[in-house]
Each structure stands twice: as C-alpha cells, then as structure tokens.
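What the coordinates show
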There are 2 protein chains.
Amino acid sequence: MNFHQKLTAAWTAHDSLLCVGLDPDLSKFPTHLRGKPDAVFEFCRAIVDATADLACAFKPQIAYFAALRAEDQLEALIAHIHANHPAVPVILDAKRGDIGATAAQYAREAFERYKADALTVNPYMGFDSVEPYLEWRDRGLIVLCRTSNPGGSDLQNLDIGQGRKLYQHVAELVATKWNPHGQAALVVGATFPQELADVRGIVGDLPLLVPGIGAQGGDIEATVKAGRSAAGAGLMISSSRAILYAGKDEDFADAARRVALETQKTINAFRR
Amino acid sequence: MNFHQKLTAAWTAHDSLLCVGLDPDLSKFPTHLRGKPDAVFEFCRAIVDATADLACAFKPQIAYFAALRAEDQLEALIAHIHANHPAVPVILDAKRGDIGATAAQYAREAFERYKADALTVNPYMGFDSVEPYLEWRDRGLIVLCRTSNPGGSDLQNLDIGQGRKLYQHVAELVATKWNPHGQAALVVGATFPQELADVRGIVGDLPLLVPGIGAQGGDIEATVKAGRSAAGAGLMISSSRAILYAGKDEDFADAARRVALETQKTINAFRR
C-alpha cells in the first residue's frame, strides 16, 4: 500500500481529515514529564494513543526533535505508530530542499531511517530537488506551495506573468510534471481560503496538507469549503499546539483527545 | 567576533577563498576506515586537519550525517574544528526553511547544539523564515539565491516583471531588507557566471557561497572573475567530492590536501 492509498483508507476508516502535528516543546510539557530522559517520546506517545482513531495522519516536525538531540525518540515514536496504529500514515515534516546526491541522503534519512510514509519538501531548487525522492515509490512527497505565514507572500505571491502567481505555478508544476507516479501532495496554508480554492482548481484531487488552523487562526469552515475535493476529502488539516497543549496536567492526553474530537467534528460538518 | 568578521579574517590569514565541503559518503571511504564505528568522524577529521590552513570555511552537509545516524559525530567534528582550527568558520549546510517557533528550533539545533558559525536557509517561505535566526547576532545566515543544478531554473529564473528574475529579487530582498544586522550571505551556483555577476552587482560586497566547481563542472576562472568583490574576496568557493575523494587509500588526506592546494592556487590566480 502506498502513501496515497494509506491516506485514502485513513480518511475513510477514521472519518477524519484531521492531521495531528507533533511539535514537542519541553517548556509546554506537563510538569510530571519534565526532566524524564524520554519525556519527548512519552509525551508524543500519549498524544498519539489518545488521538489515533480521530486522525488521518500524524505529522512530527523534525526541528523540535533535532533541537533536543532526540532523534532516537523520533525513531521510536514512528515505530510505535506503525506498530500500534498502522492505519495512520506518518508525515515527516522536514521541508527538505536539496539536490542530487544530497537529496538522496535526505530520502534515506526520512524513508529508511525514520520510515516515514511521506516527507515535506521545498520547491525552490526545482525538479532536481524532488526527483531523488520519487524512487521510493510507496512514499509520498508533499511540496510547499502556499504557506500560511505573513512572509509567505514575499516570494509565493509574486506575479510571474499574466497575473499568474508563483504558488500557482508550483501547483501546476507538481500536478502536471513533478508527479509521474502519483506520489505528490501540496502544502497550502489555511489563512487564505481563496488561494486554497485556486490551488484545488489547479490540481484536481491531489491531497493538500493544510496547516494554519488553530494557533495560526485559519477558519475551519472556510478552509474545508475551499479545499475539499469533489468527494469531500482531499485534505489533511493539521493542528499541533491547540491539541498537544490543550491540557497542562497529568490528564493532558484526555484534553488533547477532546480538542481533536471537536476539531474532527467541526471539519466534518463542512465536508459535504 | 561574528561570522562575517571571522570569515574576513580567514580569507586574509589563509589567503584563500576555498570552502571545503564535508559530505561523508561511506561508499567512497578508503577501505581501512569502513566498518569502524566512528568512521565518519575519523574521515572528516583527517580531511579537516589536512586542509584547514588552505580553507576560508568548512561546510558539513547535514544530510550525509543524518542518513547515517551520525549526529553525534557531526557534533564532535565541529567541536574538533573549533578547538584545533579556530580561525576557520563552520557553515552548517542544512538549507532550512520553516517559520516562527519551528525556525527557532532549527536555530537552536544549528547554533546551540552544533555550534555552527553560519547556516544555509531557503527563502521560499519569506522573511518569517529568516528572522528567527537573526537573533543569534554573531552567526551568519546564507540564503539560497541561484543554485547550480539544472532544475534551479524551474523557479529561480521565472520573470517576475520587467525582465527581473526571481533570484535577482531574492538577492535584492536579502541585501536591502533581510539583513538588518549584517549577518547575511547568499548561495549562488558556479555554473552560470553571468548570473553570479548579476548577483554581485545587486548585493555589493555581501559574501557569496558558491558551490558547483569541481564535480558539478563550473569553471574557476569564470567564477572568480564574475563573483569577486571589489577587494578580490567576497567568495566562499565550495568544493566537496573532488577534495574528499581525491585518494582512495590510507593516504587519502594527503591526496585531499594536494587537490585543495591546487584549487586554492587556481582561485587565487584570478582574484585580482
């Protein structure tokens, strides 16, 4: 089963477009976990176990693990997800951007070492920076297109001729040329629903990973209506901090589950 | 001493614009090192010790270490450089591209954990993806501008109005807006000397990191003449494979030194 098949199966089995982002920040952990040597793994494992049946994907952000020298805990976490929640694909959010032999090393890191089902990548260096990952035919590649931060407009909204914007060009490149084996998806932020609709119009049913709801303030109704595919799916709507840090005490995983459930239901109310 | 001061001092002290790239690939290692648990560190340390007085910078590429679970050896390598060759700045080549809290984690990884003097970053997500690093005032930030791979043209050469190309816009953004404290530099490939000259014209004396000589086929004379600053410096001309794998036997470090010396001299012949 490849990434797209696994994602489609999870959308259906869990009736969910919610992607749970795993951004472990020690300073926000419940006090009883702080100081434990494997606190990062324990925290994320509790979140994963509490939300797996509500999620279409998990998305660990590698920067949080790397800053803490916790690569081994990231490996253990992904192994835990595969062993205990095999229906839920794992997206390694690393936004890699490099070419040739170097990209091949990043692919080994993501797919062989961490055993991620999909990886986020940056398009600035062009097709050479995407191609090496495509050899891993059962894995997905999620290309940055339109990001939800204010500075996202600095480059992505530049007019590249006839009113066409850079992010629209990236969407079209990915949909028409960079996806020979059906492995691709795109990152499109939730803060600009009209642009999400633009991208959906360009790429047909390609899956879209949508950060920016929750802490970043994107509106769920507008996001779902603008981004859903013809079948009422096609989205991985990512929420991290709002779920992870919903509670501050020993019952943090229960609090996370409540927020995840509420988010899943709110999303589903606007899917069809 | 900040990154720019350290780099300028190394240009002068070592009379060199050569940046030695550290891309450890086990399959290319001399046979006597293979199978050793710290082979990556031992190989890179030997290269570093053999070339430090010929170099203006060392540039470890993190993908090679990450694919091998060798983060600890990367930490040890950079600590070795700082302890034994303190005049030579270390550029962590990681091409990070993320925003806000996540970029702050990448900054901790690069500057606190690895203690790099500078980091390469990707501009696609805009100023928010650069700003968090600027809090580390003594460190450098080297922004991708025009890369030396064929697919580099896919986005970077797009016309954004009046014949102006995306990479030229990035060069101007970095020179005028993204560099409030003098920490920035740019990555510009060696394979397009006219574009290197373009960028030099836009950014004044800003340092340029130039990959693409050696294995990627860029011409040294054209590169130096197109990219040098008014003072005959301003460049970190990076060579990795041609130096690292110059020899295949126990004398690999001597072979690396010979190639590094030859490259340094060839570069210097065209500086003024």
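Predicted, not measured: the structure shown is a model, and the values here were computed from it. In every chain, residue numbers begin from 1 and rise along the written sequence. Note on labels: chains are lettered from A, ligands numbered from 1, in written order. Reporting of local features is limited, given that this is a predicted model, to residues whose pLDDT is at least 70; pairs of side-chain atoms are given and counted only at 80 or more, and all residues count toward the totals for whole chains, interfaces and linings. Where side-chain values are given, they derive from all heavy atoms of the structure, hydrogens and water being excluded.

1. Some details on a negative patch on the surface
Residues and elements named next belong to chain A. A patch consists of residues whose relative accessible area exceeds 30% and which take part in no salt bridge; residues with like charges are grouped when within 9 Å of each other, and nonpolar side chains (Val, Leu, Ile, Met, Phe, Trp, Tyr) when within 5 Å. Throughout, the Shrake-Rupley method with a 1.4 Å probe supplies accessible areas, and for residues the shown protein chains are the sole cover considered. By definition here, a salt bridge exists when the distance from a side-chain nitrogen of Lys or Arg to a carboxyl oxygen of Asp or Glu is within 4 Å. The charge count includes Lys and Arg as positive and Asp and Glu as negative, but it does not include His or the ends of the chains. Throughout, a charge is located at the NZ atom of Lys, the CZ atom of Arg, the CG atom of Asp or the CD atom of Glu. A surface patch of negative charge is lined by Asp249, Glu250, Asp251 and Asp254. Mapped onto the elements of the fold, Asp251 is located in the loop between helix H10 (241–244) and helix H11 (252–269). The class of Asp251 is partly exposed, set by a relative accessible area of 38%. Here a helix means four or more residues in a row that DSSP labels H or I, a strand means two or more in a row labelled E, and each is numbered from the N terminus. Burial status follows relative accessibility: with a 1.4 Å probe on protein chains alone, a residue under 20% of its type maximum counts as buried, one over 50% as exposed, and anything between as partly exposed.

2. Side note on the interface of chain B and chain A
Contacts were defined at the residue level, with two residues in contact if any of their heavy atoms lie within 4.5 Å. Of the residues lining the interface, 52 residues belong to chain B; the matching set on chain A comes to 52 residues. Values labelled buried area give the accessible surface lost by two parts on being combined, using a 1.4 Å probe and summing over both. Across the chain B to chain A interface the summed buried area is about 4300 Å²; carbon plus sulfur atoms make up 54%. Linking chain B to chain A there are 6 salt bridges. Here Glu71(A) and Arg113(B) are joined by a salt bridge, their closest N and O atoms 2.8 Å apart. A 3.5 Å cut-off defines polar contacts: any pair of N or O atoms within that distance qualifies, except that in protein one atom must be a possible hydrogen donor and the other a possible acceptor, and neighbouring residues in sequence count only when both atoms are side-chain atoms. Here chain B and chain A share 27 residue pairs in polar contact (both at pLDDT 80 or more) between them. When contributions to the side of chain B that touches chain A are tallied by element, the ones reaching two or more residues are helix H3 (62–67), helix H4 (71–84), strand E3 (91–96), helix H5 (100–113), strand E5 (140–146), helix H6 (153–156) and helix H7 (166–176) of chain B. No other element matches the 7 residues that H5(B) contributes to the side of chain B that touches chain A. Polar here means any residue outside two lists: the nonpolar Ala, Val, Leu, Ile, Met, Phe, Trp, Tyr, Cys and Pro, and the charged Asp, Glu, Lys and Arg; Gly therefore counts as polar. Here the residues of the side of chain B that touches chain A are counted per class, giving 25 nonpolar, 14 polar and 13 charged.

3. Looking at the environment of Phe192(B)
Residues and elements named next belong to chain B. In this structure, Phe192 sits in the loop between strand E6 (184–188) and helix H8 (193–203). Linking Phe192 and Gly247, residues 55 residues apart in sequence, is a C-alpha distance of 29 Å. Not counting residues up to four positions away in its chain, the partners in contact with Phe192 are Arg146, Thr147 and Ser148.

Everything listed here is a matter of geometry and, on its own, says nothing about what the molecule does.
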